[in-house]
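Structural description and commentary
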Amino acid sequence: MSENITYGLSTLAIHADAGYGPDPLEVSPAISVSTIWRYPENPDEWKSAKERAALLKEHADKNKTEEVSLAPDAVDPNFGIPFIYSRDTQPVALRVERTLSKMVGAHVVSYRSGLAAAAALITHLNPKRISIGDGYHGTHGVISVLKRLSNVQVLPLDCAEGDLHEGDLIWLETPVNPLGTSFDIEAFAKKAHGRGAWLVVDSTFAPPPLQDPFQQGADYVHHSATKYFGGHSDLLAGLILTKSKEAKKRLISDRLVMGNLPGSLEAWLLLRSLRTYALRIERQSRTAEALANLLDRFRRDEEFCKEKGVEPGLVIAVTHSSLQGDDFVKKQMPGGYGPVLSLSLVTASVTKRFPGYLKLFFHSTSLGGTESLVEWRAMSDPSVDDRLIRMSVGCEDTSDLERDITLALVSCGRFWRSGTPAASKEE
Ligand SMILES: *Cc1c(COP(=O)(O)O)cnc(C)c1O
């Protein structure tokens, strides 16, 4: 690829790493399983660890700029020895990070899971206070582990600006789990920066091209790549995005020590997934918007319900960024509103029937794969109302999913009215 031409997301996902591995002719690289590499044969090429550290420092002192250059690093940290030990890095992980960096326009550091990435970033920033709302429960789990070492204090997301101090952290998940609704990133960036605090956005539910939190002032962006980047329910990975070269270096050297690089197979699966990523996310997000619209019509339009045979009053709430109506949402999410939405049915017992009546949605936790998923969310999150259903929309045909949901609601309505199951999966 030419460094002087601007390419689109799909093109970058397919071509950004061309010629970037140890074998420039490979189209799909081999899964690299080696944990160690032999040093070069020529002793003149060897640099002791001490010499390498001195050379790196000299280079860093000369290049103090924070500009994002996404070209391969001018100085290779191992000075001519690209691979030493796979806890440091390995060929496919480098290709993945190279491709993702180009796709998101920032430095990307990859991790074994989304939560490993969250733990690494919070450790890197080492705040005294973290302002965080509801959202993915695992992130709260990470903070409670880190508390054993740091006494970090947890503040609510809507804490007073004056409660934040220099070096503190606002961790903003948007769109937020499980509702799929959005927070105003720009407003939180102002609040953080007014106090010298950091803003991290967990953008897992709206990866590019849906939103770019750096545009609204985020300092770091976090993704669980297990979800949409991975996209096939077969790998765990996490990403930290930063515009700062210094932060990237520190995150990489921390990762080496903590042993958090994705495994060889996971890196390979992720690279494979990126090739079709843009097609998937755009389809998933567009279909989710259509389904949110359909469900919301069942919530508010009695005539429409009657026409389709759905009991009016069955659907009591539908949440998705596309239905939110706040002005900032449209501006913040120019590429679409994300593939996750939630709904609530009239009672917990009716709600529990819904996943079983659906034929095209697997009843399962997580999100992001090609298959549509539905979850009675009380199964995995103790904090939610037991009438809540979370949906993660996959890549199936939109009209098939619309019909599936409509028929499942018809069955739920019959169950609600009669108190007995009126339809089964085989119907
Ligand atoms: C899944 C998820 C995580 C954690 O990612 P893992 O890859 O499962 O460790 C963090 N944040 C959000 C919003 C998620 O959906």
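This is a predicted model, so every value here is computed, not measured. (Residues numbered from 1 in each chain as written. Predicted model: local features only at pLDDT ≥ 70, side-chain atom pairs only at ≥ 80, totals over all residues. Heavy atoms only, no water.)

Before going further, it helps to spend a moment on the domain arrangement of the protein. Each domain of the protein was delimited in the assignment, giving domain 1 (9-275) and domain 2 (278-418). Taken together, the 33 residues of domain 1 in the interface contact 37 residues of domain 2. When the buried area of domain 1 at its contact with domain 2 is split by residue, Pro178, Leu210 and Tyr228 rank highest and sum to 27% of it. On the surface where domain 1 and domain 2 come into contact, there are one salt bridge. A salt bridge links Lys331 to Glu186, with the shortest nitrogen-to-oxygen separation between them at 3.2 Å. Counting the contacts that link domain 1 with domain 2 gives 15 residue pairs in polar contact (both at pLDDT 80 or more). (Domains from an automatic or database assignment. Contact = heavy atoms within 4.5 Å. Buried area = accessible area lost by both parts, 1.4 Å probe. Salt bridge = Lys/Arg side-chain N within 4 Å of Asp/Glu carboxyl O. Polar contact = N/O pair within 3.5 Å; in protein donor to acceptor, adjacent residues only side chain to side chain.)

Before going further, it helps to spend a moment on the side chain of His124. Summarising the element assignment, His124 is placed in helix α4 (residues 114-125). In terms of polar contacts, His124 uses its side chain to reach the side chain of Tyr220, at 3.0 Å. Apart from the residues lying within four places of it in its own chain, the contact partners of His124 are Tyr220, Ala247, Arg250, Leu251 and Asp254. (Helix = DSSP H or I, 4+ residues; strand = E, 2+ residues; numbered from the N terminus.)

As a further point, take the pattern of salt bridges. On inspection of all chains with the given rule, the structure shows 15 salt bridges. The partner of Arg275 in a salt bridge is Asp17, and the shortest N-O contact between them spans 3.0 Å. Of this pair, Arg275 sits in the loop between α8 (264-274) and α9 (277-300) while Asp17 sits in the loop between α1 (9-15) and α2 (49-62), and the two are 258 residues apart along the sequence. Note on Asp17: relative accessible area 1%, which makes it buried. Here Arg255 and Glu97 are joined by a salt bridge, their closest N and O atoms 2.7 Å apart. A residue pair is termed long-range when its members are at least 10 positions apart, and Arg255 in helix α7 (residues 245-258) and Glu97 in helix α3 (residues 91-104) qualify at 158 residues. (Buried < 20%, exposed > 50% of the residue type's maximum accessible area, 1.4 Å probe, protein only.)

Judged by side-chain polarity, Ile31, Val33 and Leu265 come together as a nonpolar surface patch covering roughly 270 Å² of accessible area. Relative to the elements of secondary structure, Val33 occurs in the loop between α1 and α2. Val33 sits in the exposed class, given a relative accessible area of 66%. (Patch = residues over 30% accessible without salt bridge, like charges linked within 9 Å, V, L, I, M, F, W, Y side chains within 5 Å. Areas by Shrake-Rupley, 256 points an atom, 1.4 Å probe, with all protein chains shown as cover.)

The next thing to look at is the site of the ligand. The immediate surroundings of the ligand are formed by 13 residues, with Gly114, Asp202, Ser224, Thr226 and Lys227 found nearest. In the environment of the ligand, a nitrogen atom lies 2.7 Å from a nitrogen or oxygen atom belonging to the side chain of Asp202. At 2.8 Å from an oxygen atom of the ligand is found a side-chain nitrogen or oxygen belonging to Ser224. Computed on the free molecule, the ligand has an accessible area of 380 Å², of which 93% lies beneath the protein chains in the complex. Looking at the shell around the ligand, the elements that each hand over two or more residues are α4 and β6 (220-224). (Near = heavy atom within 4 Å.)

As a further point, take the packing of aromatic side chains. Aromatic ring pairs are defined here through the distance separating the ring centres and the angle between the ring planes. Counted under the stated rule, the structure contains five aromatic pairs. Pairing Phe298 with Phe304 gives two aromatic rings, centres 5.0 Å apart and planes at 35 degrees, and the pair type is tilted. Per residue, the accessibility class of Phe298 equals that of Phe304, and both read buried. Here the guanidinium or amino end of Arg417 rests over the ring plane of Trp416, the centre of that ring lying 4.0 Å away. (Phe/Tyr/Trp six-rings, centres within 6.5 Å; stacked < 30°, edge-to-face > 60°. Lys NZ or Arg CZ within 6 Å of the ring centre and 35° of its normal.)

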